[in-house]
Amino acid sequence: MKKFCVIGNPIEHSLSPKLHNFWLKKNKINAIYEKKLLKENEIPKLIESIRKSEINGVNVTVPFKNSVIQFLDDLSSDAKKTNSVNTICKEKDKIIGHNTDIAGFELALRYINYDVKRKKALIIGAGGVSPSIIFALKNMGCENIYLTNRTLEKAEKIKKTFNDIVIQKWGDIPDFDIVINATSVGLNNDNFDLKLNKVGNNKLFYDVIYNPSETNFLKDAKLNGNKAENGKMMFVYQAHQSFALWNKILPKIDEDTIEILK
Ligand code: ATR
């Protein structure tokens with residue numbers, strides 16, 4: 001039997017096991033997908049298990065997307081560019097890190113037919129997922145990307161990789177068409193100290209968070225006449241790409257798939 005898992009800390013909220021086990025069963029693959037709460041010093045041991053084929057694939061979530069890199073043999077070009085790994089597999093005896101968050105975000109915007117060309121995008125947060133969102137926006141032709149983060153230095157560090165983005169001081173909200181919450185604010189029904197409702201309506205508010213399905217960021221967006229989208233389809237598409245890397249099968253994304261995540 002094959003074994004897959006997602007590692008993170010915390011990990012309780014992760015819906016990856018639910019989704020992957022559903023697809024494994026649907027595709028009659030003899031495998032199991034679990035979640036593992038890990039400390040950083042336990043990562044090398046986990047990588048050894050992949051090397052010995054005791055584990056066949058791993059997803060990585062907060063806070064290890066960057067720190068896991070030092071233990072891998074090689075990275076895909078997307079993982080290299082973003083310094084972020086969310087999927088690990090063994091290829092020809094090498095442990096390789098991939099980044100499927102990029103495709104996840106791109107496909108989620110395509111799913112709602114949102115075209116970012118000639119649009120202004122504001123990203124809130126400079127944590128683990130932000131470089132993937134910036135990279136995806138650039139891939140899709142977005143030329144005006146603003147980044148703001150409570151801790152300015154973290155945003156400035158990302159600018160070293162993506163030097164054409166514009167850093168905004170925390171609290172300075174530029175004019176935008178789409179705003180993306182890439183922070184952990186909202187996971188616990190909490191709020192920003194940002195004044196986003198002064199920006200007018202008809203904007204897209206995108207939250208990377210999918211659980212809870214409607215954060216205060218999205219609730220307020222709707223109240224002010226904006227479109228609100230949570231991170232559920234980004235989550236589904238990144239998992240879809242990981243599944244394909246490991247099992248060489250693209251599972252179906254249908255109503256049943258979306259239903260099990262409710
Ligand atoms: P990590 O920072 O370890 O990569 P993450 O969950 O990927 O973890 O990122 C957390 C993000 O949420 C960061 O951008 C963080 O801002 P700081 O860099 O200033 O810590 C942001 N964040 C968390 N709590 C916040 C809050 N109460 N207000 C504003 N931003 C917050």
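Residues numbered from 1 in each chain as written. Predicted model: local features only at pLDDT ≥ 70, side-chain atom pairs only at ≥ 80, totals over all residues. Heavy atoms only, no water.

### A short note on the sheet that holds strand 4 (residues 74-75)
Spatially, the six strands line up as an open sheet ordered 2-1-3-5-6-4, and their pairing is mixed. Two strands close off the open sheet at either side, each with one partner strand: strand 2 (31-37) and strand 4. In this sheet, strand 6 (residues 94-98) lies alongside strand 5 (residues 87-91) in antiparallel orientation, the contact comprising five bridges. What sits directly across from E91, in strand 6, is K94. The strands that helix 1 (residues 16-26) touches are strand 1 (2-8), strand 2 and strand 3 (57-60); relative to strand 2, the one it contacts most, it runs at about 170°. Here helix 2 (residues 43-51) sits on the sheet in contact with strand 1, strand 2, strand 3, strand 5 and strand 6, set at roughly 40° to strand 5. (Pairing = 2+ DSSP bridges. Helix = DSSP H or I, 4+ residues; strand = E, 2+ residues; numbered from the N terminus. Contact = heavy atoms within 4.5 Å. Axes fitted to C-alpha atoms, helices over the stretch in contact; angles between N-to-C directions.)

### Re the site of the ligand
The environment of the ligand is made up of 13 residues, and the closest members are G128, N149, R150, T151 and K154. A126 places a main-chain nitrogen or oxygen 3.1 Å from an oxygen atom of the ligand. The contact in question runs from an oxygen atom of the ligand to an N or O atom on the side chain of R150, over 2.8 Å. (Near = heavy atom within 4 Å. Polar contact = N/O pair within 3.5 Å; in protein donor to acceptor, adjacent residues only side chain to side chain.)

### Considering helix 7 (residues 216-223)
Every buried residue of helix 7 is accounted for by N216, F217, L218 and A221. Trailing helix 7 by a residue or two, G225 shows a phi angle of about 80°, which is positive. (Buried < 20%, exposed > 50% of the residue type's maximum accessible area, 1.4 Å probe, protein only.)

### Brief notes about the packing of aromatic side chains
The final tally for this structure, using the stated rule, is 11 aromatic pairs. When the centroid spacing of 5.3 Å and the interplanar angle of 85° are considered together, the rings of F105 and Y206 count as edge-to-face. One end of the pair, F105, is in helix 4 (residues 101-111); the other, Y206, is in strand 11 (residues 204-207), and 101 residues separate them in sequence. The pair formed by F105 and Y206 is uniform in burial state, with each residue classed as buried. Seen in terms of ring centroids, W170 and F192 are 6.2 Å apart; in terms of plane orientation they differ by 65°. Their pairing is edge-to-face. Of this pair, W170 sits in the loop between strand 9 (166-168) and strand 10 (178-181) while F192 sits in the loop between strand 10 and strand 11, and the two are 22 residues apart along the sequence. Taking relative accessible area as the criterion, F192 reaches 18% and is therefore assigned buried. Of the aromatic side chains, those joined through ring pairs into one cluster are W170, F176, F192, F205 and F217. Taking NZ or CZ as reference, K119 lies 4.6 Å from the ring centre of Y114, over its face. (Phe/Tyr/Trp six-rings, centres within 6.5 Å; stacked < 30°, edge-to-face > 60°. Lys NZ or Arg CZ within 6 Å of the ring centre and 35° of its normal.)

### So, the pairing of strand 6
Burial analysis of strand 6 places four of its five residues in the buried class, which makes it a mostly covered element. The pairing of strand 4 with strand 6 spans two bridges and is parallel. Following the sheet pairing, L75 is matched in strand 6 by G97. The hairpin formed by strand 5 and strand 6 contains two residues between the paired strands, and K92 there has a positive phi angle of roughly 50°.

### Concerning the pairing of strand 3
Side chains G57 and N59 of strand 3 all project onto a buried face; the interleaved residues V58 and V60 project onto the opposite face, where all are buried too. The pairing of strand 1 with strand 3 spans four bridges and is parallel. Bridge pairing in strand 3 links V6 to N59.

### Side note on the domain arrangement of the protein chain
Each assigned domain of the protein chain is listed here: domain 1 (2-98 + 234-259) and domain 2 (102-230). On a C-alpha basis, the centres of domain 1 and domain 2 stand 25 Å from each other. Each side of the interface is counted separately: domain 1 has 13 residues, and domain 2 has 18 residues. Summing both partners gives a buried area of about 1400 Å² for domain 1 against domain 2, and 70% of it is carried by carbon and sulfur. (Domains from an automatic or database assignment. Buried area = accessible area lost by both parts, 1.4 Å probe.)

### Some words on the environment of W246
Within the secondary structure, W246 sits in helix 8 (residues 232-247). The buried category is assigned to W246, whose relative accessible area is 8%. Once the C-alpha coordinates of W246 and E91 are considered, the two residues, 155 residues apart in sequence, prove to be 9.7 Å apart. Those residues in contact with W246 that lie beyond four places of it in its chain are K2, F4, H20, Y33, N56, G57, V58, N59, T87, I88 and C89.

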